[in-house]
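Tertiary structure, described
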Amino acid sequence: MKETIEKLLAEVEAFIPKSAEELENFRVDLLANKGKVKALFADFKNVPNEQRKEVGQLINTLKNKAQEKVDEFKAKLTSSKNQETTIDLTRTATPLRIGSRHPISIVRNEIIEIFSKIGFTVSEGPEIEDDWHNFSALNFPPEHPARDMQDTFFVESESGEMALRTHTSSVQVRIMENQKPPIRTLSPGRVYRNEAISARAHCFFHQVEGLYIDENVSFADLKQTLLYFAKEMFGEKTEIRLRPSYFPFTEPSAEMDVSCSVCSGEGCNVCKYTGFLEIMGCGMVDPNVLENCGIDSKKYTGFAFGMGVERIAMLKYKVNDLRLYSEGDVRFLEQFKSAF
Ligand code: PHE
């Protein structure tokens, strides 16, 4: 028996497992319930008295050595296994594609922020409008070309003919009908016009229109408000220019240009060598419009303005094709990631 134990002891000392599986077999063979160590303890009763002490110690040594081996290699084998599978927490993570804000949203939000600093609130209205809110209340004569099928998408409905709004001035009519001056509001939103799609025109685009009505509002207020906007939007050095124009709902009406941000007014192909870029229409609200909406035009005056968000975004980001905004191409959209 002594020899058997010593042979086993030598085997245990020399044992170096190559895998966790090999180690487990070793453990089962020696230490499990039906293992060799248990069998030796069972045979112990046959050992003559004078050898008992020595053999007992030998079996215990064997048991302890085997257990030490198992413990030692168990730790080594599992920790090397861990190195293959666990994550290296010190490594930089693979960047997640988190999407980006659409340039139209970025610019729209910027316009809203600039005007909200001087007390303008935001109002919204329906995209499918009736003739009154989109045209009639705004002083469009019945034969006005903007009502023509060429420009407007008409929609059939049970409540008569409706149209996709051609501008967000329709929202301002709704505000004037429902609120008492002073009114200071912005109406951002999508508008529709029946135009052939090209790099410079689309059948839908986005506007931000503004309206300010109170006692004694003058053209000087309009000019100063728009100068403030232009400087905030395009930079402190920006200059504005107002050119006489015509809109049915404003009198007098003007178109506003800003000095070209690309060439700083020197002349380049973006501003077609004029040094200026047209960015919006504006004017004093026609008294007829105020009366149409139930506002006393003897007591109140106001100004209104409207701009295309796509156009401002084109100038700001030097985008040369309007179609890019609605094609959803991530290669285009991803470029606006840092502009949150
Ligand atoms: N509603 C006009 C348009 O869509 C813009 C505008 C608004 C002009 C307010 C003057 C005053 O073109």
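Scroll up a little and you will see the structure.
Below or above, wherever it landed, is the structure these notes cover. (Residues numbered from 1 in each chain as written. Predicted model: local features only at pLDDT ≥ 70, side-chain atom pairs only at ≥ 80, totals over all residues. Heavy atoms only, no water.)

This part is about the state of the cysteines. Under the counting rule described, the total for this entry stands at zero disulfides. The thiol sulfur of Cys260 is not disulfide-bonded, and the nearest other cysteine sulfur, from Cys263, lies at 3.6 Å. Accessibility expressed as a relative area gives 2% for Cys260, which makes it buried. (Disulfide = S-S within 2.5 Å. Buried < 20%, exposed > 50% of the residue type's maximum accessible area, 1.4 Å probe, protein only.)

Within the open sheet, the seven strands sit side by side as S1-S5-S6-S10-S9-S8-S7. Their pairing is mixed. Here the strands that pair on one side only, and so sit at the sheet edges, are strand S1 (121-122) and strand S7 (240-247). Bridge count between strand S8 (residues 250-259) and strand S9 (residues 276-285): eight bridges; the pairing is antiparallel. Across the sheet, Thr250 pairs through a bridge with Val285, a residue of S9. Here helix H7 (residues 169-178) sits on the sheet in contact with strand S5 (183-192), strand S6 (204-214) and strand S10 (301-308), set at roughly 30° to S6. (Pairing = 2+ DSSP bridges. Helix = DSSP H or I, 4+ residues; strand = E, 2+ residues; numbered from the N terminus. Contact = heavy atoms within 4.5 Å. Axes fitted to C-alpha atoms, helices over the stretch in contact; angles between N-to-C directions.)

This part takes up helix H8 (residues 219-234). The first and last C-alpha atoms of H8 sit 22 Å apart over 16 residues, in line with the 22 Å expected at 1.5 Å per residue. When we look at burial in H8, the residues that qualify are Leu222, Thr225, Leu226, Phe229, Ala230, Met233 and Phe234. Projected onto a plane normal to the axis of H8, the buried residues spread over an arc of 135° and lie on a single side. Looking at the packing, one finds that the buried side of H8 touches helix H5 (103-116), S7, S8, S9, S10 and helix H10 (309-317). The residue sitting at the N-terminus of H8 and contributing the capping side-chain oxygen is Ser218; that oxygen lies 3.2 Å from the backbone nitrogen of Ala220. (Expected span 1.5 Å × (residues − 1). Arc of directions from axis to C-beta. Polar contact = N/O pair within 3.5 Å; in protein donor to acceptor, adjacent residues only side chain to side chain.)

So, about the nonpolar core. Core analysis: the biggest nonpolar cluster contains 45 residues, and Ile111, Phe229, Ile279, Phe305 and Met307 have the highest contact counts within it. Breaking this core down by element, the ones donating at least two residues are H5, S6, H8, S8, S9, S10, H10 and helix H11 (330-333). If one sorts the elements of this core by residue count, H5 sits on top with seven residues. (Core = buried A, V, L, I, M, F, W, Y, C linked by side-chain atoms within 4.5 Å.)

Summed over the entire model, instances satisfying the criterion amount to one cavity of 30 Å³ or more. Estimated volume of the largest cavity: approximately 60 Å³. Considering the residues around the largest cavity, the lining is formed by Leu138, Ser169, Gln172, Met176, Leu211, Phe249, Thr250, Val285, Val289 and Ala304. Ranked by residue count, the leading element in the lining of the largest cavity is H7, at three residues. (1 Å grid on protein atoms, 1.4 Å probe; cavity = no way out; pocket = protein on both sides within 12 Å on 5 of 7 lines; lining within 4 Å. Points joined across faces, edges and corners; volume = space filled by probe spheres on them.)

Bringing the pattern of salt bridges into the picture now. The tally for this structure, following the rule as stated, stands at 13 salt bridges. The shortest N-O distance in the salt bridge between Lys231 and Glu236 comes to 4.0 Å. Taking relative accessible area as the criterion, Lys231 reaches 25% and is therefore assigned partly exposed. Where Asp257 meets Arg243, a salt bridge forms, and the shortest distance between an N and an O atom there is 2.8 Å. With Asp257 in strand S8 and Arg243 in strand S7, this pair connects stretches of sequence that are 14 residues apart. When salt bridges with common partners are traced through the structure, they connect Arg241, Arg243, Asp257 and Glu278 into a single cluster. (Salt bridge = Lys/Arg side-chain N within 4 Å of Asp/Glu carboxyl O.)

With that settled, the discussion passes to the packing of aromatic side chains. By convention here, two paired aromatic rings are described through the distance between centres and the angle between planes. Scanning the entire structure with this criterion turns up 15 aromatic pairs. Both rings, one in Tyr317 and one in Phe336, keep their centres 4.9 Å apart while their planes meet at 75°; by these two values the pair is edge-to-face. One end of the pair, Tyr317, is in helix H10; the other, Phe336, is in the segment after H11, and 19 residues separate them in sequence. One Lys or Arg, Arg190, reaches over the ring of Phe204 and ends 4.4 Å from the middle of that ring. We note Arg241 situated over the ring of Phe276; from NZ or CZ to the ring centre the distance is 4.2 Å. (Phe/Tyr/Trp six-rings, centres within 6.5 Å; stacked < 30°, edge-to-face > 60°. Lys NZ or Arg CZ within 6 Å of the ring centre and 35° of its normal.)

The next subject is the site of the ligand. Neighbouring residues of the ligand: 13 residues in total, closest His167, Ser169, Arg193, Gln207 and Glu209. In the model, an oxygen atom of the ligand is placed 2.8 Å from a nitrogen or oxygen of the Gln207 side chain. When the ligand is considered free in solution it has 320 Å² of accessible area, and contact with the protein chains removes 90% of it. Placement of the ligand is best described as lying within the largest pocket. Of all the elements in the fold, those that place two or more residues in the shell around the ligand are S6, S9 and S10. (Near = heavy atom within 4 Å. Areas by Shrake-Rupley, 256 points an atom, 1.4 Å probe, with all protein chains shown as cover. Sits in = over half its atoms within 2 Å of the grid points.)

The description of two helices packed together rests on the angle between their axes and the distance between the axes. Running from N to C, H5 and H8 point in directions that differ by 130°, and their axes come no closer than 10 Å. The angle between H5 and H8 places the two elements in the oblique class. The two elements H5 and H8 meet at a crossing, and its hand is right-handed. Across the interface between the two elements, Val107, Glu110, Ile111, Ile114 and Phe115 from H5 touch Thr225, Tyr228, Phe229, Glu232 and Met233 from H8. Here the residues of the contact of H5 with H8 are counted per class, giving seven nonpolar, one polar and two charged. (Parallel < 35°, antiparallel > 145°, perpendicular 65-115°, else oblique. Left-handed = near helix turned anticlockwise from the far one by under 90°. Nonpolar A, V, L, I, M, F, W, Y, C, P; charged D, E, K, R; others polar.)

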